[in-house]
Amino acid sequence: MRRLLALVVLAALVGAVWGLFVPTAEAIWAVYYLKVQPGTPKDDPGVLTCGWHSGACPNDASRTAIDWDDYGGSTVYWRSYLFMQYAQHDTVVARGYSTQYDTAICYRTRVRVVHYLSGQSMGRVYYTHTISNSATVSIKGSGSGWSYSKGSVAAVADPEMTDDCPWGGTHIHQGDDDNYFSESPTFPWSTECNVGMHPPCTKSYDVTASDKWQFYGSGRIQY
Amino acid sequence: MIPLLRALVIVGMLAAAALGAYYGVRLLADEGEVRADLPPGMAPALAEFEASLQADRLKPRLDDAVINDIHVGVDVRSEYGGSGYCNSDTAPPEYTDPAAAKGTELEIPSGLVTAAFREAYSEAVECGGVLIAVERMYNMPPPTEAGVTIDRLRVLPGEERAWNLYGAAERIGPITVGSKKGVVERAIKPPFDTTTIILYEGFGMTVVRADLSVEETAKIAEGLE
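Small disclaimer: the values here were computed from a predicted structure and weren't measured. Every residue gets a number counted from 1 within its own chain, in the order that chain's sequence is written. Both sets of labels track the order of writing: A upward for chains, 1 upward for ligands. Under the rules for a predicted model, residues below a pLDDT of 70 receive no local features and side-chain atom pairs below 80 are neither given nor counted, while totals for whole chains, interfaces and linings still include all residues.

The helix and strand tally for chain B stands at five helices and 11 strands. Whether a residue is buried, exposed or partly exposed follows from its count of other C-beta atoms within 10 Å of its own C-beta, namely 20 or more, 12 or fewer, or something in between, respectively; the C-beta atoms are built from the backbone. Considering chain B as a whole, with its 225 residues, one finds that 41% of them fall into the buried category. Nonlocal contacts in chain B, meaning residues at least 24 apart in sequence, comprise 55% of its contacts between residues at least 6 apart. What counts as a helix is a DSSP run of H or I of at least four residues, what counts as a strand is a run of E of at least two, and both are numbered from the N terminus. By the criterion used throughout, residues are in contact when their C-beta atoms, derived from the backbone, lie within 7 Å.

Below, the discussion takes up the overall build of chain A. Tallying secondary structure elements over chain A gives one helix and 14 strands in all. For chain A, the proportion of its 223 residues judged to be buried stands at 53%.

On to the sheet that holds strand β2 (residues 46-53) of chain A. Residues and elements named next belong to chain A. In short, DSSP must find at least two bridges between two strands for them to pair. In spatial order, the strands read β9-β5-β6-β7-β11-β3-β2-β13; together these eight strands make up an open sheet with antiparallel pairing. One side of each edge strand has no neighbouring strand; the edge strands of this open sheet are β9 (136-141) and β13 (203-205). The average undirected angle you get between the axes of adjacent strands in this sheet is 30 degrees. Where strand β3 (residues 65-69) lies against strand β11 (residues 171-176), five bridges are found, and the strand directions are antiparallel. Pairing of D69 across the sheet is with H171, part of β11. To obtain each axis, a line is fitted to C-alpha atoms, and for helices this fit is confined to the stretch in contact; angles are then taken between N-to-C directions over 0 to 180 degrees.

Before going further, it helps to spend a moment on the sheet that holds strand β8 (residues 130-132) of chain A. Residue and element names in this part refer to chain A. Across the sheet, which stays open at both edges, the six strands sit in the order β8-β10-β4-β1-β14-β12 with antiparallel pairing between neighbours. A strand with exactly one partner marks an edge of an open sheet, and here the two such strands are β8 and β12 (181-183). Averaged over all neighbouring strand pairs, the angle between strand axes comes to 35 degrees, with direction disregarded. Note that strand β4 (residues 75-84) and strand β10 (residues 147-156) share eight bridges and pair antiparallel. For R79, the partnering residue across the bridge sits in β10 and is K150.

Right, let's get into the confidence of the model for chain B. All names here are of chain B. On average, residues of chain B score 87 in pLDDT, and 85% of them are at 70 or above. Taken as a whole, residues 24-38 scores under 50 in pLDDT and shows 22 contacts with residues more than four places along the chain or in a different chain. Prediction confidence for the complex, expressed as pTM and ipTM, is 0.85 and 0.86 respectively. Think of pLDDT as the predictor's per-residue confidence, scored from 0 to 100.

With that out of the way, let us pick up unusual backbone geometry. The general pattern is negative phi for most residues beyond glycine and trans for most peptide bonds. All names here are of chain A. Of note, the bond from C57 into P58 is cis; its omega dihedral lies within 30 degrees of zero at 0 degrees. If you trace the backbone, P58 turns up in the loop between β2 and β3. Note the cis peptide between H198 and P199, where omega equals -5 degrees. As for its placement among the helices and strands, P199 is situated in the loop between β12 and β13. Despite not being glycine, H129 shows a phi value in the positive range, around 70 degrees. For H129, the position within the fold is in the loop between β7 (121-128) and β8.

Further remarks concern helix α5 (residues 214-222) of chain B. Among the residues making up α5(B), those that are buried are T217(B), A218(B), I220(B) and A221(B). Each buried residue of α5(B) sits inside an arc of 155 degrees when the element is viewed along its axis, so together they form one side. Of all possible arcs, the one meant is that of the directions from the helix axis to the C-beta atoms.

Successive side chains on a regular strand alternate, one facing one side of the sheet and the next facing the other. Residue and element names in this part refer to chain A. Across the two faces of strand β14 (residues 215-222) the burial differs, with F215, G217, G219 and I221 buried and Y216, S218, R220 and Q222 not buried at all. In the sheet, strand β1 (residues 29-36) pairs with β14 via eight bridges, with the strands oriented antiparallel. Bridge assignment links K35 to a residue of β14, and that residue is Y216. Relative to β14, β12 runs antiparallel, the two sharing three bridges. For E183, the partnering residue across the bridge sits in β14 and is F215.

Below, the discussion takes up the environment of D70(A). Tracing the sequence through the fold places D70(A) in the loop between β3 and β4. Along the backbone, D70(A) and F83(A) are 13 residues apart, and their C-alpha atoms lie at a distance of 29 Å.

Next up on the list: the pairing of β1(A). Note: β1(A) against β4(A), five bridges, orientation antiparallel. Paired with L34(A) across the two strands is L82(A), which belongs to β4(A).

What follows covers the environment of Y101(A). Residue and element names in this part refer to chain A. Residue placement: Y101 occurs in the loop between β5 (91-100) and β6 (108-115). A residue is classified by how many C-beta atoms lie within 10 Å of it, and Y101, with 24 of them, is buried. Along the sequence, Y101 and P200 sit 99 residues apart, while their C-alpha atoms lie 31 Å from each other. When near neighbours in sequence (up to four residues on either side) are disregarded, Y101 contacts R108, T109 and R110.

All names here are of chain A. Among the structural elements, V195 can be located in the loop between β12 and β13. As a C-alpha pair, V195 and T130 span 65 residues in sequence and 20 Å in three-dimensional space. Apart from the residues within four sequence positions on either side, V195 is in contact with T49, C50, P200, C201 and T202.

Spelled out as structure tokens, the structure:
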């Protein structure tokens, strides 16, 4: 009986050693958290001219977009903080592709974020009333904290495309089409603060501060 | 009795070996060890896209080409003045409820895209009380997260149809979808970028953009018949 028991233990040991060295096809998942910051030309202060709105400002129908103050030709920046499980500190883990993606009536830039190693999408952000510079932004991440990235993605349009575009002058209308992003409650609704109020309401922020994110996404990347 | 005992021992050994193998593999899957297994560089499909994108940027663009009676090029919409319904002084554009399109030529019916897509956003604009533009965006859940955007634009009778296309000229050409003629801009490599189909309509234009192939994008456009 002891011999039999010894055989079983030996078999288990052989199996364990075999399991350690035989490659596994099991999927590897990495969790990420992405904070998309405002795209204003200045880091500090970035000036909000219309809080969360959908369509015309003011309109509190949903947290779709925020208007940020700007002037024609000024630079629009991608800013983000990214935590990416397993990534070494401040390594490039994603790409942001800036392309022109006009509405039927206005200029608009789209930045699509794609995970570097897997090619999986991590979300899209839009900057209406801007002209894309077709840049590819390298987005850094870290498995031990937040990594900050900044890169120019567009210029503010002036003039707009045609008379069809409803706008009151140069600004960035930064929004998303993403069901998978959360929108920041840090910024006010458009009825609480907009430049058309009497007296006009604007609010200033250090848009590089990690708690001043506009959109927040999370997910899992499969390798 | 002895053969039965032997069989039981063999089964037991196999089970123990399998169990051992399983835990061995689980050990290997520990976070600390996984790092060594991460791919060393960019995903091959993405690397291929980036190389194609860089090559594409060097190729000539269209300034103003007319394909199936639609002007396309890098800045043709500013040149042809848009819908013709709006005027910043007399008929300024205003956002309106997208539901205003229901029952009109600009309606974008629900159910056009498959159940895998979720509607994320819609918008409509009118000038002088005339609905001129409607846009709807959809997306798929991660990891694909391909986006689909549908635009319908009304233009005054006699106005030119025009749409800005920024891609290399060689990716732009004529297309027929159902009974409608139009223009297609093929994606460099979906889903990393977008296929655009512009259809000539009696009222103006329908534009379907999708991070999908031409065939898949055309299927969505065909649903707008």
